[in-house]
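Tertiary structure, described
Chain by chain, the residues run as shown.
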Amino acid sequence: RDATIRRLEQDRSQIAALVDGDLQGAIALTTAALVSIEPPKNPDARASVLKACEGLDALRERAERVLEIERLEKTTTVRMGRKPIGDLVTMVARSWKARAGTRDVEVAVDTHGLEVCVDADLITRALDSYLENAVRFTPARGRIRLEAKRRGDSARITVWDSGPPLHPDERA
């Protein structure tokens, strides 16, 4: 079993290396080529070019996620410390408010002055990921709400948005 796990980890590292080099380069070159051509006059051809650009963007985002997971698993050292969780939530939300505002999406934060023992970097990364998805899938004039509440000896951070719900199979 240990040998199988090591082999799978090596395979994953090799795939990440391919994504980092060959795939990202190919995506960038193909995107640049598509963007540089004169927009076709035929509506169907124009729609095809736009669809190809959207597909490349989606592929690029997936490639970046694969690389981020690989980096996290290789470099994650947990550094626990007593932190005001509300400050972390507010800081991350502030960074996303500008991006969300371009689509007229409201980002609201409600914290309760909580201080908990956490790794600030890991919590920040997790919140960034949740907010990135919330901003991406919340329709124009939608709402995103972050809340940090005490739950016994711990805190619960909730991210809610007015975007479409996840299918039960897609939930972690």
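Criteria and thresholds
Residues numbered from 1 in each chain as written. Predicted model: local features only at pLDDT ≥ 70, side-chain atom pairs only at ≥ 80, totals over all residues. Heavy atoms only, no water. Salt bridge = Lys/Arg side-chain N within 4 Å of Asp/Glu carboxyl O. Helix = DSSP H or I, 4+ residues; strand = E, 2+ residues; numbered from the N terminus. Buried < 20%, exposed > 50% of the residue type's maximum accessible area, 1.4 Å probe, protein only. Core = buried A, V, L, I, M, F, W, Y, C linked by side-chain atoms within 4.5 Å. Contact = heavy atoms within 4.5 Å.

Some thoughts on the pattern of salt bridges
For the coordinates displayed, the defined rule picks out five salt bridges. When the shortest N-O distance is used, the salt bridge between D57 and R60 registers 4.0 Å. Here D57 and its partner R60 are both found in helix α2 (residues 43–75), three residues apart, which amounts to about one turn of the helix. For R60, a relative accessible area of 30% puts it in the partly exposed group. As a salt-bridge pair, E61 and R136 come within 3.5 Å of each other at their nearest N and O atoms. Note that E61 is positioned in helix α2 and R136 in helix α4 (residues 120–137), a separation of 75 residues in sequence. Ionic contacts of the salt-bridge type, sharing partners, join the residues E61, E132 and R136 into one network.

Quick word on the nonpolar core
Within the largest apolar cluster, 20 residues are counted, with the highest numbers of intra-cluster contacts made by I85, V89, V107, L131, I144 and L146. Contributing elements (two or more residues each) for this core: α3 (85–101), β3 (115–118), α4 and β4 (143–151). No other element matches the seven residues that α3 contributes to this core. In this view, I144 contacts V105, E106, V107, A108, L131, A134, V135, T138, V159, W160 and D161; residues no more than four positions away in its chain are not counted. The next biggest cluster of nonpolar side chains, apart from the first, holds five residues, and it includes L34, V49, C53 and L56.

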